[in-house]
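# Breakdown of the fold
Take a look at the letters that make up each chain.
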Amino acid sequence: YSFDHRGETTGLLINDPDTSRWDSKVCTTEVAVWANSCLRAAQYTGNEEFAEMARQAVAAYLQHGYDAEAGKYFGQLSVQDGKPVAPKEIGYWPRQHSDIWNPDQWPTHDYPMALAEACLTLHKKTCDPLFLEGVRRWAEIVCRSTPSERPAPYAEQYGRCIQFLTRAGRELNEEAYLAGARRLADESVVRLYENGWFQGYPESHLYESVDGVGYLFLALMELETGEPAR
């Protein structure tokens, strides 16, 4: 259903084809959550039609979504023409660019690390240079960014970044990515570990599963052992 409602000329998937809200005209990195589910469906069923839909959907975002001047991916793209859509105000939607350390305490339809993960899976599956370029761009974004200046990086954000860099470093034999994963892992322990527990975010003094501590645990185990922890 989602695939059938993609843009005729852009191939971009509409976030929600059934409403008249803002997300009935745009595509965001949320497409990667859908694409990763399709890739898993292909793996479990052997039906490559799922993987082909994921390939086309992620490729469309990569082709239209990169802001070379800023070195970032746009947060929203017009499904009709592929141009970036800049929100006029802050709300439950992506801002000008996709943000891996978004501090908002509500879902904003922005899932940058899911898109990074989809690029990595599709590169391994297809060897298409478009996806390798996507992997390297996301890795550069993660490695050069830092949550240190942010008031509340969540455990889930640390975990997803560490897991992606760990996997990318090992699959591409890139020590710089593994070094970036270790840097973030060390920082996450310094900022989140308190009195034998992990906080959901710095200075919260609370362990809450909704803050994604489990994602961080899985990523730390994968980085330490070299084995997928999922």
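Refer to the structure above for everything that follows.
What this report covers is the structure whose coordinates are included nearby.

What counts as what
- Residues numbered from 1 in each chain as written.
- Predicted model: local features only at pLDDT ≥ 70, side-chain atom pairs only at ≥ 80, totals over all residues.
- Heavy atoms only, no water.
- Helix = DSSP H or I, 4+ residues; strand = E, 2+ residues; numbered from the N terminus.
- Contact = heavy atoms within 4.5 Å.
- Patch = residues over 30% accessible without salt bridge, like charges linked within 9 Å, V, L, I, M, F, W, Y side chains within 5 Å.
- Areas by Shrake-Rupley, 256 points an atom, 1.4 Å probe, with all protein chains shown as cover.
- Salt bridge = Lys/Arg side-chain N within 4 Å of Asp/Glu carboxyl O.
- Buried < 20%, exposed > 50% of the residue type's maximum accessible area, 1.4 Å probe, protein only.
- Axes fitted to C-alpha atoms, helices over the stretch in contact; angles between N-to-C directions.
- Parallel < 35°, antiparallel > 145°, perpendicular 65-115°, else oblique.
- Left-handed = near helix turned anticlockwise from the far one by under 90°.
- Disulfide = S-S within 2.5 Å.
- Nonpolar A, V, L, I, M, F, W, Y, C, P; charged D, E, K, R; others polar.

## Structural notes on unusual backbone geometry
- Even without glycine at this site, Asn173 takes up a positive phi of about 55 degrees.
- Along the chain, Asn173 turns up in the loop between helix 5 (155-172) and helix 6 (175-192).
- For His205, which is not a glycine, the phi torsion comes out positive at approximately 60 degrees.
- Take His205: it is sitting in the loop between strand 6 (197-198) and helix 7 (213-225).

## Concerning the environment of Gly91
- Residue placement: Gly91 occurs in the loop between strand 4 (77-78) and helix 3 (112-126).
- Along the sequence, Gly91 and Thr108 sit 17 residues apart, while their C-alpha atoms lie 7.4 Å from each other.
- Once residues within four sequence positions are removed from consideration, Gly91 is found in contact with Asp104, Trp106 and Thr108.

## Description of a nonpolar patch on the surface
- Together, Trp197, Tyr207, Phe217 and Met221 make up an exposed nonpolar region whose accessible area comes to about 440 Å².
- Take Tyr207: it is sitting in the loop between strand 6 and helix 7.

## What to know about the pattern of salt bridges
- In total, this model carries eight salt bridges according to the counting rule given.
- Note that Arg136 is salt-bridged to Glu174, the shortest N-O span being 2.9 Å. In this pair, Arg136 is assigned in helix 4 (residues 129-144) and Glu174 in the loop between helix 5 and helix 6, connecting sequence segments 38 residues apart.
- A residue is classified by how much of its surface remains accessible, and Arg136, at 27% relative accessible area, is partly exposed.

## Some points on the packing of helix 6 against helix 7
- One way to put it is that helix 6 packs onto helix 7 with a least axis distance of 11 Å and a crossing angle of 135 degrees. In terms of orientation, helix 6 and helix 7 fall into the oblique class. The chirality of how helix 6 crosses helix 7 is left-handed. Contacts between helix 6 and helix 7 involve Ala181, Arg182, Ala185, Ser188 and Leu192 on the former and, on the latter, Leu216, Leu220 and Leu223.

## A look at the state of the cysteines
- On inspection of all chains with the given rule, the structure shows zero disulfides.
- Looking at the unpaired Cys38, the closest cysteine sulfur is the one in Cys27, lying at 13 Å.
- Judged by its relative accessible area of 9%, Cys38 falls in the buried class.
- Here Cys161 is not cross-linked by a disulfide; its sulfur's nearest cysteine counterpart is in Cys143, at 9.5 Å.

## Observations concerning the packing of helix 2 (residues 48-65) against helix 3
- Contact geometry for helix 2 and helix 3: axes closest at 10 Å, N-to-C directions at 120 degrees. Here helix 3 runs oblique to helix 2, going by the angle between their axes. As helix 2 packs across helix 3, the resulting crossing turns out to be left-handed. In contact with Glu48, Ala51, Ala54, Arg55, Val58, Tyr61 and Leu62 of helix 2, helix 3 contributes Leu115, Ala118, Cys119, Leu122, Lys125 and Thr126.
- Partitioned by chemical class, the residues of the contact of helix 2 with helix 3 number nine nonpolar, one polar and three charged.

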